[in-house]
Amino acid sequence: QVQLVESGGGLVQPGGSLRLSCTASGSIFSINAMGWYRQAPGKQRELVATKTSGGSINYADSVKGRVTISRDNAKNTVYLQMNSLKPDDTAVYYCNTLAVMRGALLSRTYWGQGTQVTVSS
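1. Focus: the nonpolar core
In step 1: If you look at the biggest cluster of nonpolar residues, it comprises 30 residues, and the most contacted ones within it are Met 34, Trp 36, Leu 80, Met 82 and Tyr 93.
In step 2: Broken down by secondary-structure element, the contributors of at least two residues to this core are β1 (2-7), β3 (18-26), β4 (28-39), β5 (46-52), β7 (67-72), β8 (77-82), β9 (91-101) and β11 (115-119).
In step 3: Here the element with the most residues in this core is β9; it accounts for 5 residues.
In step 4: Residues in contact with Leu 80, not counting those within four places in the same chain, are Leu 18, Arg 19, Leu 20, Trp 36, Val 48, Ala 49, Val 67, Thr 68, Ile 69 and Tyr 93.

2. With respect to the environment of Tyr 110
In step 1: Within the secondary structure, Tyr 110 is located in strand β10 (residues 108-111).
In step 2: On the accessibility criterion, Tyr 110 (5% relative accessible area) is buried.
In step 3: In sequence terms Tyr 110 and Lys 51 are 59 residues apart; their C-alpha atoms lie 15 Å from each other.
In step 4: Look past the residues within four positions of Tyr 110 in its chain and what remains in contact with it is Gln 1, Val 2, Leu 4, Cys 95, Asn 96, Thr 97, Ala 99 and Met 101.

Cut-off values and rules
- Starting afresh in each chain, residues are numbered from 1 along the sequence in its written order.
- Totals for whole chains, interfaces and linings use all residues, but because this is a predicted model, local features are given only for residues with pLDDT of at least 70 and pairs of side-chain atoms are given and counted only at 80 or more.
- Each side-chain value is derived from all of the structure's non-hydrogen atoms; neither hydrogens nor water enter the calculation.
- Among buried residues, those of type Ala, Val, Leu, Ile, Met, Phe, Trp, Tyr and Cys that are joined through side-chain atoms within 4.5 Å constitute a nonpolar core.
- Throughout, exposure labels follow a simple rule: accessible area from a 1.4 Å probe, protein chains only, divided by the maximum for the residue type, with under 20% read as buried, over 50% as exposed, and the rest as partly exposed.
- A run of H or I in DSSP becomes a helix once it reaches four residues, and a run of E becomes a strand once it reaches two; helices and strands are each numbered from the N terminus.
- In this description, contact between two residues means that some pair of their heavy atoms is separated by no more than 4.5 Å.

Following this line, the structure appears as structure tokens:
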């Protein structure tokens, strides 16, 4: 199995910043992509940002210019630097990875438990 452990969520005032981290561990052969999704109360889970092992990055339109995703491939870790946070950014943020386990032929999607981000004054 692959485990994802997130950290860095919390309460921040509008205009503030937060940095989320997520580390993947377990019987990992390779990681194709890592990223972040979020789910606000009463809404569907949505993409925030993803980055492939090849370096391709995809951001949701709602966060472009305010969010930066980065990865430390050696540590199987992905970061999400969020600036100029708005109340609409309030959600549970989930780490996501597309990875191949040792001994497996195909990649699978794995999810973290989620970390709460609340933007409020």
